[in-house]
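Analysis of the macromolecular model
Listed below are the residues making up each chain.
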Amino acid sequence: MLVAVVGVGLVGSEFIKQLLSIPAGSSPFKLVSLSSSSHTVFFDPASAIPSVEKWKTILSESSEKPDYDGLTEKLSSLINPSTKVAIVDNTSSDKIASLYPQWLKAGINVITPNKKAYSGDLGLYEKILSVSKESGARFLNESTVGAGLPVISTLKELVATGDKVQKIEGVFSGTMSYIFNEFSTGSPDGPSFSSVVSVAREKGYTEPHPADDLNGFDVARKLTILSRTIGSSSLPPLQSFTSVQTASLIPPALEGISTGDKFLKRLPEFDADFDRMRQDASAEGKVLRFVGVVDGVKGEVKAGLEKYPTSHPFATSLGGSDNIIMFHTERYSPRPLIIQGAGAGAAVTAMGVLGDLLKLV
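In this text the structure is predicted, and so the values were computed from the model without any measurement.

Our next topic: the overall build of the protein. Within the protein one finds 16 helices and 12 strands. Principal axes of the C-alpha set define a box for the protein whose edges measure 65 × 45 × 35 Å. The buried share of the protein, reckoned over its 361 residues, is 52%. Excluding contacts between residues fewer than 6 apart, the proportion of contacts in the protein whose partners are at least 24 apart in sequence is 67%. Roughly 15800 Å² of accessible area belongs to the protein as shown, and the carbon and sulfur atoms make up 52% of that amount. Between the averaged position of the 35 positive side-chain charges in the protein and that of its 38 negative side-chain charges there is a distance of 3 Å.

This is the structure we're talking about:
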């Protein structure tokens with residue numbers, strides 16, 4: 001299989017490392033193209049695969065600029081009955097996501113951790129589905145939810161085998177997981193909310209501007225992807241992730257603050273409000289967790305702060321930036337199917353991407 005990679009940042013670089021680390025004699029893949037935001041390089045499929053040590057230099061020294069129409073033309077010309085081609089999009093770009101129908105129509109498979117195409121405009125998502133069905137080229141997006149955790153593939157198998165998904169609930173954000181694992185342990189006291197968010201930022205768990213995590217949009221995108229994967233008529237037709245009922249944790253007075261530093265400087269003004277929520281939860285023997293829910297029975301998709309008993313898996317099983325997802329279905333009832341583990345990080349995300357690529361072999 002011939003592989004073109006778009007996006008060579010943290011996840012992209014790790015993916016290339018994992019791909020090229022497969023022993024040459026047993027690898028079913030040949031890397032034929034690399035593209036960053038400013039450089040691109042195309043390799044002769046008959047030539048040797050670039051090494052883990054040399055690909056960055058080869059790409060940075062290339063004088064060619066990204067040309068995705070040209071890339072599509074080159075890759076489609078290589079497809080034949082014995083040769084499959086896949087593009088791996090490791091970016092978070094809306095522009096690149098909009099190219100998926102074009103690639104699929106050309107017979108090029110698409111693998112990505114990019115959530116934009118699957119959680120954005122419903123029209124684009126439906127176009128991806130229809131074009132994939134017409135051409136036979138596949139799109140796989142395991143790492144759009146839960147990084148390397150088998151969330152999407154498990155859901156697809158549940159649906160394909162006729163199980164009825166009643167509800168999916170989980171802690172889908174590694175950032176929110178860390179923040180509330182530290183902030184709310186069942187005790188009425190503990191570190192201030194602003195200090196926990198500041199530490200999370202220092203550790204690299206949050207975006208440079210923490211409001212981009214606290215607004216809940218990342219969870220809303222993942223819920224949109226899950227809802228669309230289920231494809232049930234009992235769920236609302238989400239036009240985009242903005243259709244999800246999302247309860248932001250950004251204090252209204254801090255909406256629109258331009259930088260992360262300014263935001264964190266003012267966040268302590270609202271610590272008393274978060275302390276009160278923690279105390280109320282503790283008085284009920286519960287903890288606070290930012291969760292996402294896709295409820296096929298109630299017909300709702302929502303994300304927000306909820307309270308759970310201190311004996312609940314959301315309280316006892318999480319550590320660090322773990323994700324945990326519960327599938328309540330007709331078959332997995334009354335005890336749900338639970339998937340848990342690291343839900344963020346370049347290594348596990350890239351593993352999920354490579355795992356998708358292996359499904360095409």
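Picking up after the structure, the text goes on.
Looking at the secondary structure, you find His312 in the loop between strand E10 (300-309) and helix H15 (313-316). Residue classification places His312 among the buried residues on the basis of a relative accessible area of 16%. Within the local environment of His312, its side chain forms a polar contact with the backbone nitrogen of Phe314, the two atoms lying 2.9 Å apart.

All right, on to the sheet that holds strand E12 (residues 337-342) then. Pairing in this open sheet of 6 strands is mixed, and the strands run E8-E10-E9-E7-E11-E12 from one edge to the other. Two strands close off the open sheet at either side, each with one partner strand: strand E8 (245-246) and E12. Sheet topology places strand E7 (residues 165-171) next to strand E11 (residues 322-329); 6 bridges connect them, and they run antiparallel. Bridging from a neighbouring strand, Glu169 pairs with Met326 of E11. Across the face of the sheet, helix H12 (residues 217-230) comes into contact with E7, E8, strand E9 (286-295) and E10 while running at roughly 40° to E9.

Further remarks concern unusual backbone geometry. Put simply, Ser333 and Pro334 share a cis peptide bond, and its omega is 5°. Within the secondary structure layout, Pro334 lies in the loop between E11 and E12. A positive phi angle, near 55°, is found at Ala147, a position not held by glycine.

Along helix H10 (residues 193-202), the residues classified as buried are Phe193, Ser194, Val196, Val197 and Ala200. Seen along its axis, H10 keeps its buried residues to an arc of 160°; they face one direction. Contact partners of the buried residues in H10: helix H9 (174-183), helix H11 (211-214), helix H13 (260-266) and helix H14 (271-283). Of the residues one or two after H10, Gly204 is the one with positive phi, at around 85°.

UniProt feature "domain: Aspartate/homoserine dehydrogenase NAD-binding" (unreviewed entry): in the numbering of this structure it lies at residues 7-140. A helix fraction of 42% and a strand fraction of 14% characterise residues 7-140, whose end C-alpha atoms lie 17 Å from each other.

What follows covers the packing of aromatic side chains. The geometry of an aromatic ring pair is captured by the separation of the ring centres together with the interplanar angle, meaning the angle of the planes. Evaluated as defined, the whole model comprises 11 aromatic pairs. Relative to Tyr118, the ring of Tyr100 has its centre 6.0 Å away and its plane inclined at 35°; by these criteria the two rings are tilted. Pair noted here: Tyr100 is in helix H5 (residues 100-105) and Tyr118 is in helix H6 (residues 116-119), with a separation of 18 residues, a long-range link. In this pair, the class of Tyr100 matches that of Tyr118, namely buried. Members of the aromatic cluster, each reached through a chain of ring pairs, are Tyr100, Trp103, Tyr118, Tyr125 and Phe139.

This part covers the UniProt feature "binding site: L-homoserine" (unreviewed entry) in the protein. With numbering aligned to this structure, UniProt lists the feature "binding site: L-homoserine" (unreviewed entry) at Glu207. Along the polypeptide, Glu207 turns up in the loop between H10 and H11. On the accessibility criterion, Glu207 (41% relative accessible area) is partly exposed. Ignoring sequence-local partners within four residues, the contact set of Glu207 consists of Arg201, Asp212 and Asp213.

The subject of this paragraph is the packing of helix H8 (residues 151-160) against H12. The geometry of H8 relative to H12 is characterised by a closest axis approach of 9 Å and an angle of 25° between their N-to-C directions. Relative to H12, the element H8 lies roughly parallel. Of the two elements, H8 crosses H12, and the hand of that crossing is right-handed. Of H12, the residues touching H8 (which contributes Val151, Ile152, Leu155, Lys156 and Val159) are Ile225, Leu226, Thr229 and Ile230. The residue makeup of the contact of H8 with H12, split by class, is 7 nonpolar, 1 polar and 1 charged.

Moving on, we get to the packing of helix H1 (residues 10-20) against helix H16 (residues 346-358). Between H1 and H16, whose axes approach to 8 Å, the crossing angle comes to 55°. Between H1 and H16, the angle falls in the class oblique. Between H1 and H16 lies a crossing of right-handed hand. In contact with Leu10, Val11, Glu14, Phe15, Gln18 and Leu19 of H1, H16 contributes Ala346, Ala347, Thr349, Ala350, Met351, Val353, Leu354 and Leu357. A class-by-class count of the residues in the contact of H1 with H16 yields 11 nonpolar, 2 polar and 1 charged.

What counts, and at which threshold
Residues numbered from 1 in each chain as written. Predicted model: local features only at pLDDT ≥ 70, side-chain atom pairs only at ≥ 80, totals over all residues. Heavy atoms only, no water. Helix = DSSP H or I, 4+ residues; strand = E, 2+ residues; numbered from the N terminus. Buried < 20%, exposed > 50% of the residue type's maximum accessible area, 1.4 Å probe, protein only. Contact = heavy atoms within 4.5 Å. Areas by Shrake-Rupley, 256 points an atom, 1.4 Å probe, with all protein chains shown as cover. Lys, Arg positive; Asp, Glu negative; His and termini not counted. Charge placed at Lys NZ, Arg CZ, Asp CG, Glu CD. Polar contact = N/O pair within 3.5 Å; in protein donor to acceptor, adjacent residues only side chain to side chain. Pairing = 2+ DSSP bridges. Axes fitted to C-alpha atoms, helices over the stretch in contact; angles between N-to-C directions. Arc of directions from axis to C-beta. UniProt positions renumbered as here; feature names shortened; annotations may be inferred. Phe/Tyr/Trp six-rings, centres within 6.5 Å; stacked < 30°, edge-to-face > 60°. Parallel < 35°, antiparallel > 145°, perpendicular 65-115°, else oblique. Left-handed = near helix turned anticlockwise from the far one by under 90°. Nonpolar A, V, L, I, M, F, W, Y, C, P; charged D, E, K, R; others polar.

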